[in-house]
Structures are given as structure tokens and as C-alpha cells.
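Each chain, letter by letter, is given below.
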Amino acid sequence: MLSPFSHYFSMRVSLPIFSRILLLLNVLIILQFSEACPLESSQPLKRTARKQRILNTLNQNGKLLKSINIPTKYAGRNIRFGDLTGDGKSEIVVAQNRGGQHVTHVLAMDLAGKILWTWGKSILGAYHSPRDLGVQIYDWDGDGKSEVLILQQNQLYLLNGLDGSLIQQVEVDSNERDVIFIANLLSSDHPALLLKSRYYSFSIYDHTFTKIYSTGLNTGHFPMAYDFNNDGIDELLIGYSLFDFTNISNPLVWSHPEIPMHNDAIDIGDMQNDGQKTISYAASGNGYLLNPDGEILQTFKMRHAQHTTFGHFQGKPEQEVAYVDRNRLGIVKIIDADNHKLWKSEPFGFLTMINTVDGWNGAKDQSFLLVSRTDVTDPALYNARGKLIAKFPFPPARLPSRRYDEHYTQHFDILGDCREEVIVYNEKSIWIYGNPKIFNGICNTSEKLPNNRISRASFYTGFQ
């Protein structure tokens, strides 16, 4: 028996193009009906399965779960996510800025778009920021409720997350307002605060906002903290240096001042699944792999390594490393532990960014690479070989007279089903996408709030 598709292809040569389209639509309707009311014969079921596989290949969009409009008056591109109200759900903080890194206004709202509170003076159009901004959400005092930390000029503000009221205001170095970074650098009991200049210096403050350390070095963009020696206290990776502040008089462990230019991104992974960590640098030129002792293990020749991230992109316990080569117009590379290049993409665009999404399907040891801010396509997930997993269309970035790459992404379990959602946003809208596949309730990954990755949000992706 010929399938409807066979009948269509046997007739298509002799029919006008419009008639062919109508006929194909009728065939699809028939197949849709056969799926809803399957016959007892096995042949229609096989046709239905084939048709579904075809449709799944053609339509790989994530499922749009929610879109939130940002009021024009409060529009901003630096957006943070965190639980401001203590109900276990995420709220949103939108920051405006002027003159690069001068925070002027903050808006807090919920996922329904309801405004919770505002702080500062809103300025129409004050949202352009091609760099980090000093705003984070974190439970600073350990009472189970999040605060909002804001840098403005030489002042650090600690605000109540629930209503935006001022808790504390501290004077800081006006040159060090590039980022707010929070980690347990001094003890396991209380957080410490790192503030840094754009490229040349950083300072460490304890939980009372007392400065206890300051130094100058090539800082790069955004630091990373990790407890390499398992003493319960984080070490600090900043620039091309590792610091251990349990020895406050001489905290520098190792450094690589010979690496030229600045560090664009850092990540830490396990490429052999043996518990031994590997550090990856995207170093504005080459990419580098190092061990925790600072030994350079591998150098990857690139024109401008801009981003790097580790992930289980092959679905195995071992991780692979990914880079973006900016000066090759956004070529993405994924490399395994044996230095095999699993994927080298076509150019995505000069401003391309990458992130690792571990919880898209809830499976253990299964990551996908989120590629965003491209010139040529929607934000999308890819596997180790560059196979498209899901796309996330974002029409607000395709408006007339603007570049399509003017959008940003974040990812975590924003809706509480234990799978990660992908969030695409700019100063106009926030769109939340989920996995369109039916969830079986089994989940081996979790990205709920609070977590350190979301509390260390950065414009420069790496471990982001």
C-alpha cells in the first residue's frame, strides 16, 4: 500500500506549485488524524512515527513558557535573577547604567511583570553596557533572605531584597567598580567580597565590609573561586593567578605574567573523570589548559579566544572543553581530553557567547552548549558534534535598525521542575524557554536557587 507521501510525490511533477502545496497540507492533516486515531495495522503506526521524527527535526524550537515585558522607563540589559521575597521562586532585578559602569537605577519585579520596588533615578535609554556592572543578588547576612548589592561611584549599597530599603552603605575605591564577586575566600562561615578595576587591581573585603587585602595585577574580566585543596575555603582564580587567602600575608600561590593580554574567561572542569581538575583560560589570544598547580598542560592556537566552558557534551562522565575564537568571527570549537577536535563550527559572528547547560533534559552527565549573541541564527543548544538540539527565537532582537546579536542569555531551573530553562533577554523583554519534551519526573541535575553561579552573574561567560 502506498503512503500518502508516496501518492504526493507521484503527482507533484504534473501539478502547479500552488496545487502541490495544498495537496501536501492535506497529506499532513491526514497523517495528523491517523496519529490521533491510529488504525490497528502496524503500518500506519510506523508512518506516524516517521512523520513525527521528520516534524521533530524541522521544528526544534524550545517551548516558550513565558515572556515578560520590561517597562520602557526602566529598560536595562544587565539583569540578575534571585529569590528576593523568600518564597523559593525567582524574581528579577534590572539595572540601568550611565557612562559605562555607573549604576543609576535598579528595578525589582516578579515573573508576572509586577514591579516590587525601584531604587535610584531612572534615565530613558540608559541601558547600553558592553561589560560587567556592579549588581548582584545574594544572602549576605546569612538569614535566608537575599539582599541586593549595588556599586555606584565610590559607594557600595546593601539593599533589602524584599522592599529595596537600605541596610548598609559603605565607601569603596571608585576605581574598583567593575564587578561584584562573592565567595568564601576568608572562611567557610561568612562570605567575602571582591571588587576590582577594569584590568589592573582588586580588593578583598570581609563580611563587615572591612578591606583586608588589595593588590595590583592583570585581573582580566571576571574571577572564579574554587576549593582546590578541600579545606572548606575557596581559592581565587583572577587574571592568570591563583590566590589562597588563608595565608593573608602572602596569598599568591602561582602566577603566569608571561601570558600576554588579559583573561577573557575562566572555567574549571574534569576532562578525565578522575577528580583531577583542569583550568581553562580564554586569554584574548590563545586558549590554555592548566592543572591546579599552575602547570600549563595545553596551548590552543587561536586569534582571540573570548569564551571557554567545560561540559559533558558527548553525554559521558568525562568533560570536554569549548572555546569561541572571536577574531575568526565567532568560530566555536569543542575539544576532548585527547585533543581531538569534535566540532569546529562555521562563523557565528563577532560577539558570539557560549554557556554550558547541564539540566536541559535532566539526564546525568549530559550537557549541551548554548550559543548566543550570534549574527546568523537564534540562540540555540548544540551537542559535541554541532548537532542542533533546540533553538530559542527572540524577536525583540530582530527589530528594525538593530543587530540581531543584541540579546543575552541565562539558564537555571527558574520554574522549579528540576530541568533548566533557557532565558533570553534584552532591555525590552525576557523570554523563558523550556524543553518541549514530556518530562518523566526523573532528574539527575539541579540548578535551583540559591546557587553560586547565579549569584556570580557576569557579562563574560565562562563557568556561566
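Residues numbered from 1 in each chain as written. Predicted model: local features only at pLDDT ≥ 70, side-chain atom pairs only at ≥ 80, totals over all residues. Heavy atoms only, no water.

1. Quick look at the side chain of Asp110
Here's step 1: In this structure, Asp110 sits in the loop between β4 (102–109) and β5 (115–120).
Here's step 2: For the buried residue Asp110, which engages in no salt bridge, the nearest side chain bearing the opposite charge is Lys114, 5.6 Å off.
Here's step 3: Here the side chain of Asp110 touches Ala112 through a polar contact of 2.9 Å, landing on its backbone nitrogen.
Here's step 4: The contacts of Asp110, once residues within four sequence positions are left out, are Glu91, Ile92 and Leu116. (Helix = DSSP H or I, 4+ residues; strand = E, 2+ residues; numbered from the N terminus. Buried < 20%, exposed > 50% of the residue type's maximum accessible area, 1.4 Å probe, protein only. Lys, Arg positive; Asp, Glu negative; His and termini not counted. Salt bridge = Lys/Arg side-chain N within 4 Å of Asp/Glu carboxyl O. Polar contact = N/O pair within 3.5 Å; in protein donor to acceptor, adjacent residues only side chain to side chain. Contact = heavy atoms within 4.5 Å.)

2. As for the state of the cysteines
Here's step 1: As enumerated under the stated definition, the model contains 1 disulfide in all.
Here's step 2: Each sulfur in the disulfide pair Cys418 and Cys443 lies 1.9 Å from the other. With the S-S dihedral at roughly 125 degrees, the linkage between Cys418 and Cys443 falls on the right-handed side. Note that Cys418 is positioned in the loop between β30 (408–412) and β31 (421–425) and Cys443 in the loop between β32 (429–434) and α4 (452–455), a separation of 25 residues in sequence.
Here's step 3: We classify Cys418 as buried; its relative accessible area is 13%. (Disulfide = S-S within 2.5 Å.)

3. With respect to unusual backbone geometry
Here's step 1: Even without being a glycine, Asn339 presents a positive backbone phi close to 65 degrees.
Here's step 2: Here Asn339 shows up in the loop between β24 (331–335) and β25 (341–344).
Here's step 3: Positive phi outside glycine occurs at Arg373, with the angle close to 55 degrees.
Here's step 4: Positionally, Arg373 belongs in the loop between β27 (368–372) and β28 (380–382).

4. Examining the sheet that holds strand β2 (residues 78–82)
Here's step 1: One open sheet holds the 4 strands; their spatial order is β2-β3-β4-β5, and the pairing between them is antiparallel. Unpaired on one side and paired on the other, β2 and β5 mark the two borders of the sheet. Pairwise comparison of adjacent strand axes, ignoring direction, gives a mean angle of 20 degrees for this sheet. (Pairing = 2+ DSSP bridges. Axes fitted to C-alpha atoms, helices over the stretch in contact; angles between N-to-C directions.)

5. Overview of the pattern of salt bridges
Here's step 1: By the definition in use, this model includes 6 salt bridges.
Here's step 2: For Arg198, the salt bridge goes to Asp178, with nearest N and O atoms at 3.6 Å. Here Asp178 lies in the loop between β9 (166–171) and β10 (179–183) and Arg198 lies in the loop between β11 (192–196) and β12 (201–205), a separation of 20 residues in the sequence. Of the two residues, Arg198 and Asp178, neither departs from the other in class, the shared state being buried.
Here's step 3: Arg456 serves as the salt-bridge partner of Asp234, at 3.9 Å between the closest nitrogen and oxygen. Residue Asp234 is located in the loop between β14 (224–226) and β15 (235–238), and its partner Arg456 is located in the segment after α4; the two are separated by 222 residues in the primary sequence. Across this residue pair, the class does not change: Asp234 and Arg456 are buried.
Here's step 4: Among the charged side chains, a network of salt bridges with common partners joins Arg77, Glu406 and Glu427.

6. Quick word on the packing of aromatic side chains
Centre-to-centre distance and the angle between the planes together describe a pair of aromatic rings.
Here's step 1: What the rule picks out here adds up to 21 aromatic pairs.
Here's step 2: Measuring from ring centre to ring centre gives 6.3 Å for Trp343 and Phe348, while their planes differ by 80 degrees; the resulting arrangement is edge-to-face.
Here's step 3: Judged by relative accessible area, which is 11%, Trp343 ranks as buried.
Here's step 4: An aromatic cluster is defined as three or more aromatic residues linked by ring pairs; in this entry it consists of Phe81, Tyr408, Phe412 and Tyr425.
Here's step 5: The residue whose ring lies beneath Arg326 is Phe350, and the NZ or CZ to ring-centre distance is 4.7 Å. (Phe/Tyr/Trp six-rings, centres within 6.5 Å; stacked < 30°, edge-to-face > 60°. Lys NZ or Arg CZ within 6 Å of the ring centre and 35° of its normal.)

7. Structural notes on the pairing of β27
Here's step 1: Taking burial as the measure, the 5 residues of β27 include 5 buried ones, the bulk of the element.
Here's step 2: Residues of β27 alternate between two faces, with Phe368, Leu370 and Ser372 on one and Leu369 and Val371 on the opposite face, all of them buried.
Here's step 3: Where strand β26 (residues 353–357) meets β27, 5 bridges bridge the pair, whose relative direction is antiparallel. Bridging across to β27, Val357 finds its partner in Phe368.

8. Details of the environment of Leu133
Here's step 1: Tracing the backbone through its elements, the reader meets Leu133 in the loop between β5 and β6 (135–138).
Here's step 2: Among the residues examined, Leu133 registers a relative accessible area of 1% and is labelled buried.
Here's step 3: A sequence separation of 54 residues divides Leu133 from Ile79, and the C-alpha atoms of the two residues are 9.7 Å apart.

9. A word on the sheet that holds β32
Here's step 1: Read from one edge to the other, the open sheet built from 4 strands follows the order β1-β32-β31-β30, with strand pairing classed as antiparallel. Only two strands of the sheet have a single neighbouring strand rather than two, namely β1 (63–69) and β30. When the angles between neighbouring strand axes are averaged without regard to direction, this sheet yields 20 degrees.
Here's step 2: Bridge count for β31 against β32 is 4 bridges, and the pairing is antiparallel. The partner of Ile423 across the bridge, within β32, is Ile432.

10. A few points about the confidence of the model for the protein
Should the pLDDT be low somewhere, the predicted coordinates at that spot are not to be read in detail.
Here's step 1: Predicted confidence across the protein gives a mean pLDDT of 86, with 84% of residues reaching 70 or more.
Here's step 2: Ignoring residues within four places in sequence, the model shows residues 1–15, a span with pLDDT below 50, making 16 contacts including any to other chains.
Here's step 3: Counting contacts from residues 18–58, a segment whose pLDDT is below 50, to residues more than four positions away or on other chains yields 25 contacts. (pLDDT = per-residue confidence, 0-100.)

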